[in-house]
Amino acid sequence: MANLFVKISLFLLVITIPFYVSAFPTGAGTCDVDAMATQGHGKSSAQDFSTGGGYTITTTKSGQQISISITGKQSVEGVLIYTQDSQGNRIGTFAVPSGYQSKQCSGNTVNTLTHTNQNLKNMPINFMWTPPSGSSGNVTVRGIVVQNFANWLKLKDVSFDPSSGASSVSNATITQSGSGAAGSDGTDGGIGSWFKNYLLFIILMIIVIILYIVSSVTETMLRNQRAKAKNYRN
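Residues numbered from 1 in each chain as written. Predicted model: local features only at pLDDT ≥ 70, side-chain atom pairs only at ≥ 80, totals over all residues. Heavy atoms only, no water.

An unreviewed UniProt entry lists the protein chain under the name Putative defense protein Hdd11, with Gigaspora margarita given as the organism.

Printed below as a string of C-alpha cells:
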C-alpha cells in the first residue's frame with residue numbers, strides 16, 4: 001500500500017512539473033498588459049523592468065498599412081501586443097504571421113496578437129497592421145515580451161497617426177501595475193495571484209494527502225485484521 005502511494009504521488013508531481021516550467025507556452029494568459037503582474041505570470045523578476053529592458057516598439061507607414069516592430073537585446077519566448085484608440089477600444093487588424101495567433105480579447109477583428117509556442121523569437125519581431133476604414137485620431141500600441149516565466153517586460157506605449165505613420169513614445173515610467181484589487185505597484189498582496197497560478201498544484205496536493213490518509217488507514221486496518229487472524233489461529 002505504501003509503495004502504491006509513493007507511485008501515485010510521483011506520478012502527480014511529474015505531470016504538474018511541465019505545467020509550471022512552461023506556463024502559458026501557447027499564448028498569453030491575460031489580455032491586458034496592466035494585468036500581467038496579477039493575472040498572468042505574477043510580478044516580473046527582470047531587474048531592468050522600469051526601462052523596458054531595452055525593448056521598444058516602433059511604427060512605420062507601409063502603403064495603406066502600418067509596420068509595427070519590436071526590437072530588443074535578446075530573443076524572447078512570448079509576446080502580447082494590441083492596438084487601442086483614444087477611448088481604449090481595440091481597433092484595426094493585424095496580419096497573423098507564422099508562430100502567432102489572434103487572441104480573442106475585444107471585438108471581432110484580429111486586434112490582439114500573442115505567440116503559439118515558446119520557441120525563441122529573434123529580434124526584430126515585425127507585424128503588419130491595417131487601420132479600420134474611416135478611422136481618425138492617434139492609435140496606441142501596447143505590448144509585453146516574455147524572456148521566460150519569471151522575467152517579462154512591459155514596453156512603453158507608442159502612439160501613432162495611421163495616416164502618416166508618425167509616432168511618439170510615452171514618457172511615463174513603466175510600473176508593474178495590475179487591475180482589480182491589486183495595488184498600483186502590481187504587488188497584488190500576493191495571495192490571490194499565487195492561489196490562481198498554483199490552483200492545480202494545490203488540488204493535486206490535496207488529493208495526495210487524501211490518498212495518504214486513506215492508504216494509512218487501510219494499511220492499519222489490514223494489520224489489525226492480520227493480527228486478529230493470527231491470534232485466532234493460536
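**Q** How do you make sense of the state of the cysteines when you look at a structure like this?
**A** Linking two cysteines covalently via their sulfur atoms produces the bond known as a disulfide. Enumeration over the complete set of coordinates arrives at one disulfide. With its sulfur 2.1 Å from that of its partner, Cys 31 forms a disulfide with Cys 105. An S-S torsion of about -80° defines the bridge between Cys 31 and Cys 105 as left-handed. Of this pair, Cys 31 sits in the loop between helix H1 (2-21) and helix H2 (36-39) while Cys 105 sits in the loop between strand S5 (100-102) and strand S6 (112-115), and the two are 74 residues apart along the sequence. (Disulfide = S-S within 2.5 Å. Helix = DSSP H or I, 4+ residues; strand = E, 2+ residues; numbered from the N terminus.)

**Q** Explain the sheet that holds strand S7 (residues 125-130) to me, please; I cannot follow it from the model alone.
**A** In a beta sheet, neighbouring strands are held together by backbone hydrogen bonds and run either parallel or antiparallel to one another. With respect to topology, four strands assemble into an open sheet ordered S1-S2-S7-S4, the strand pairing being antiparallel. With one partner strand each, in any of the chains shown, strand S1 (56-62) and strand S4 (93-94) form the two edges of the open sheet. (Pairing = 2+ DSSP bridges.)

**Q** In this structure, what is going on with the environment of Gly 99? I would like to understand it.
**A** Among the structural elements, Gly 99 can be located in the loop between S4 and S5. On a C-alpha basis, the gap between Gly 99 and Thr 26 in space is 9.7 Å, while along the polypeptide they are 73 residues apart. Those residues in contact with Gly 99 that sit more than four places away from it in its chain are His 115, Thr 116 and Asn 117. (Contact = heavy atoms within 4.5 Å.)

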